[in-house]
Amino acid sequence: MRLLGRLFQLLFTWWNGATIGTLWTISRTGQLVGEDEQGNRYYQQRGGSRRWVVYNGYADASRVPPEWHPWLHHTLKEPPTLAPPKVKPWEKEHVPNMTGTPFAYRPPGSLAGTGARARGTGDYEAWKP
Amino acid sequence: MTKIIIDGKEYDLDPNLTLLQACEAAGKEIPRFCFHERLSIAGNCRMCLVEVRMGGRPGPKPVASCAQQLRDLPPVKEGQPLHEIVTGSPTVKKAREGVMEFLLINHPLDCPICDQGGECDLQDQAMAYGHDKLERFKENKRAVTEKNMGPLVKTIMTRCIHCTRCVRFAAEVAGVDEIGAIGRGEDMEITTYLEKAVTSELSGNIIDLCPVGALTSKPYAFNARPWELKKIESIDVMDALGANIRIDARGREVMRILPRNNDDVNEEWISDKTRFVWDGLKRQRLDRPYVRKDGKLTEADWPEAFAAIAARFATTKPERMAAIVGDLADAESIKALKDLMTALGVVNLDCRQDGAKIGLAPDGTRGPRAGYLFNSGIASVEAADALLLIGTNPRMEAPVLNARIRKAWLRGNLNIARLGPPADLNYPVCELGNNPADLIAIADGRHAAFETLKSAKHPMLIIGMGALARPDGAAVLAACAKIASATGMIGPEGEAGWNGFNLLHTAAARVAALDLGFLPGQGGRDTAGIVAGAGKGEIDTLFLLGADEIDTRALGKAFVIYLGSHGDKGAHRADIILPGAAYTEKPGTYVNIEGRVQRANRASFPPGEAKEDWTILRALSEVLGRKLPYDSLAQLREAMASDAPHVAQLDKAPGFPPADPAIWRAIGTAGPIDNAHPFVYPISDFYLTNPIARASATLAECSRSSAGRPLASAAE
Amino acid sequence: MSTRRLAPDQPATFAFTAENLAWAKDRIAKYPDGRQASAIVPLLWRAQEQQGGYVTEPMLRYLGDMLGLSYIRVYEIATFYTMFNLAPVGRHLIQVCTTTPCMLRGSDEILDACKKHIGPKPQTVYGEGLWSWMEVECLGACVNAPVVQIGKDFYEDLDGPATERLLDDLKAGRAPKPGPANGRFSSEPLGGATTLKEVKA
């Protein structure tokens, strides 16, 4: 049953992993370059003229971590598997775009956030006896 | 006069003008950073370079136009063309671009986070003279540590371009030689000695003077941008000088207060209290009526409050009612209150919260206007050559006026003496001791000061409320009037005239209230009488129009109605609170010490249910069945003008009063002066003199940090 | 030249000795009425000598009060002139000129000698208060470059070894002889006269 569901996803959805056409192209001409912490797999055409990512699950470009991002966009020649970027101690963990999820960023004062309004113009402190 | 050609057109100008001023007179704008009309000339920014062509030949090099006067130019030779100042030639532009390049070498590019952004001279002038073609400075930029200059002035010293305007202001205008430039060359830094706060009441003005964002307002930091502010021209009420201010508001919030130029009043300075009081407008606000029920103030609505007042008034006889006007009231509300009280038959009226013995003639009728004005006018202080301060500390009571006195002293020829406790005024003062009875000796010519005043061409007295707000105040006033007439201070009217008899008030509302006759009527009580009467149960109902400076704990069982903007002493004692508008929230008329009538404008609206004061009185009068005969501000002002015609003449000082001896005899009441009680200055804490200032956190901080200051030390 | 600041540790007070006070009074009296403040530079200089070579914060206030100058003005002057040291210096203050003529004539060797014999950092007291060295701008003795000023004396025409001998003398407590170190008397040509040879003495 699960296999059937996977097959259905592969055939009819574009937001899980890669589309069937992309998988076909990769399987014909691509070679595996590496895999990131989330399990996304990176391929390139021989010589590196085309580069792909096959998402492990939901296809969302913001899931590509910063170390793979420049390679994927042809900014860097070497993938992080060969030339790992220097990690600074102050660097934070990569977080995909959370918009649309309960973890989305709410600015202070947002009604969907804490509800406490920030000080605004025209506010005053009233005298209380 | 000197003939000169400026950009091809011939002008005939005062030879004392600098080249820069001459160009200004010809309508040419000259960029500048260090030059300021009211400060000495430094000539160190070099931005005002122009080309001077002498005898038709191009000048050898550009000239700093601020540092050279027209008379410094060599005389024009026979048959040669006139000298020409060229302000727009390519040489000039290139020279200024060079100066700008040097200025920008070490200036950070942090305009997006700079509070000066949008009103920055450097930003503006970089638009005209900056260039981005070269970028030849590849070295590290200079960075300078921030300096502490007290709770009002924020410093970002990396932005400093060393124009030294702040140094010159502190040394020259404020009279506190505390800011300086240490180090030299690229390492020059502006600082105070060991980073102590500037001990001046005018220190906020260095924020305006700073052409870049090095000195900015600490309370205003990161609050607003100049272009999002609504600018309203108004009048200050923190002291009686009536400084012209510009209130910058965003929406309904006052964001800052800046000075406006008025050479006759405040030049372009304002005191720190004026400038930084705005956060007091947002705190301790009375925003709804309160009525005391079972000993507790409870929130009420307007009809309820009015009904409570009407019920009280219906059972009180007019002779058991009283009204006192506070220090910040506008003339309109004073007029409305006076009309209402007169309609009710109340004679116990007073506007002199401090008990100053002014405004009344010996027989109890209204005294002459000259008896309570700063008759010489504020600007004429600069003409004085002998000045006797009587029981006044102008530095606390009117800091901007004090700066004017200092200016006159700096020009030389001003002899200043004082009868009163010693206090540092930032200029040397000859101490005559603190024996009030010496006034009679001076008036009779038995004192050395008499001769000094007599021999002076333009002698002047400044009499403070410290000398008049005492039981023998009328005698002090009479003695002062006698000094004035005996030493020839009272000259003819008109342009060539002179009158040096000056009173220095501490309350912005005082002169208007005296003009409108808010004084005890026949058989009426004055402030002290009202308070004592309330304590003894002889006054049942007391109406306070923003009056907080009386002893509210001594009011006994009296029923107190408080109309005001801030919850202060008066509101705490009140039985009914009517929320009014602060001075930034109503169009109002104020009369300053010299009798100049000025209009304040509304910058924002009163909070909550608060209303403009006169409308409250108008509504109340209807409930009381004594409807006031005006429905609009225009009608009220008309009524005011028929009462006191000069109140309709805006922005005009009355000029010297007539030298009629009858007037000067009617000022004060001759009598003995109590020598056992020396004069005491009315202001002990400059920063906390009124309810709005007391609500301000900034001024409270100033008051704390200035607490250790030796204010009573003798002048250097 | 770096940003000049008062030293963090300051003595509590400063007062002229009786002798210096008399000297100061005499110095102040040389200025016309109302211009006494102009005596600030010589007085600061004398006070610096009395303090052992540097200017202290109590000294600024003392002199400001003496001359009726506000403290910030005295502070401005003390930080403006590099001849006023704002931090303690050694008993021997070795001031090495490194302006162009001296540099071209080998002041770098002198600096190396100082770094080697005294200590690596300028404006730092070494040898338990014995000495400190600093770079200064032109001392005005370019004809005898490179030049070093120690105390009030100039030591001229130095090179590396000559400087090391000089420093050894100082360390040993001997008083080295001021003036050129290469045998010249003053600034005459090193190899004897080159002009006016025909003039007989």
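Remember, it's a predicted structure, so these values are computed and weren't measured experimentally.

Draft legend 1. Focus on the domain arrangement of chain C. Each assigned domain of chain C is listed with its residue range as follows: domain 1 (18-80) and domain 2 (92-180). Here the C-alpha centroids of domain 1 of chain C and domain 2 of chain C sit 29 Å apart.

Draft legend 2. Looking closely at the interface of chain C and chain B. At the interface, 18 residues of chain C touch 18 residues of chain B. Both faces combined, the contact of chain C with chain B buries some 1,400 Å², and carbon together with sulfur accounts for 56% of it. The largest contributions to the chain C side of the interface with chain B come from C:Ile72, C:Arg73 and C:Phe80, which together make up 32% of the buried area. If you look at where chain C meets chain B, you find two salt bridges. Counting every contact that joins chain C to chain B gives eight residue pairs in polar contact (both at pLDDT 80 or more). Looking at the side of chain C that touches chain B, the element that brings in the most residues is helix α4 (residues 71-80) of chain C, giving seven residues.

Draft legend 3. Summary view of the interface of chain B and chain A. Taken together, the contacts link 18 residues of chain B with eleven residues of chain A. Each partner contributes to the roughly 1,300 Å² buried at the junction of chain B and chain A, and carbon and sulfur atoms together form 51% of this total. Considering only the side of chain B, the residues that lose the most area to chain A are B:Glu253, B:Lys282 and B:Tyr290, jointly responsible for 31% of the buried surface there. Joining chain B to chain A, the criterion identifies one salt bridge. Between B:Arg283 and A:Glu125 there is a salt bridge, and its shortest N-O distance comes to 3.5 Å. If you look at where chain B meets chain A, you find seven residue pairs in polar contact (both at pLDDT 80 or more). Here the side of chain B that touches chain A is built from residues that sort into six nonpolar, four polar and eight charged.

Draft legend 4. Fine view of a nonpolar patch on the surface. All names here are of chain A. Residues Met1, Leu4, Leu7, Phe8, Leu11, Phe12 and Ile20 make up a contiguous nonpolar surface patch of roughly 820 Å² in combined accessible area. Here the nonpolar patch gets five residues from one element, more than from any other, and that element is helix α1 (residues 2-12). By secondary structure assignment, the location of Leu4 is in helix α1.

So, how was this worked out
- In this numbering scheme, every chain counts its residues from 1 along its sequence in written order.
- Labels follow written order: the first chain is A, the first ligand is 1, and so on.
- Where local features are concerned, this predicted model is filtered to residues with pLDDT of at least 70; where side-chain atom pairs are given and counted, the filter is 80 or more; whole-chain, interface and lining totals use all residues.
- Just so you know, side-chain values use all the structure's heavy atoms and leave hydrogens and water out.
- Segmentation of the chain into domains, including their bounds, is taken from an automatic or database domain assignment.
- Contacts are assigned to residue pairs that have any heavy atoms within 4.5 Å of one another.
- Summed over both partners, buried area is the accessible surface (1.4 Å probe) that two parts give up on being assembled.
- What makes a salt bridge here is a side-chain nitrogen of Lys or Arg within 4 Å of a carboxyl oxygen of Asp or Glu, nothing more.
- Under this definition, polar contacts are N or O atom pairs within 3.5 Å; protein pairs additionally need one hydrogen-donor-capable and one acceptor-capable atom, and for neighbouring residues in sequence, both atoms have to be side-chain atoms.
- Numbered from the N terminus, helices here are DSSP runs of H or I no shorter than four residues, and strands are runs of E no shorter than two.
- Amino acid classes used here: Ala, Val, Leu, Ile, Met, Phe, Trp, Tyr, Cys and Pro are nonpolar; Asp, Glu, Lys and Arg are charged; the rest, including Gly, are polar.
- Distance thresholds for patches are 9 Å for like charges and 5 Å for nonpolar side chains (Val, Leu, Ile, Met, Phe, Trp, Tyr), applied to residues having over 30% relative accessible area and no salt bridge.
- Accessible surface area values rest on a Shrake-Rupley calculation with a 1.4 Å probe, where residue burial reflects the displayed protein chains alone.

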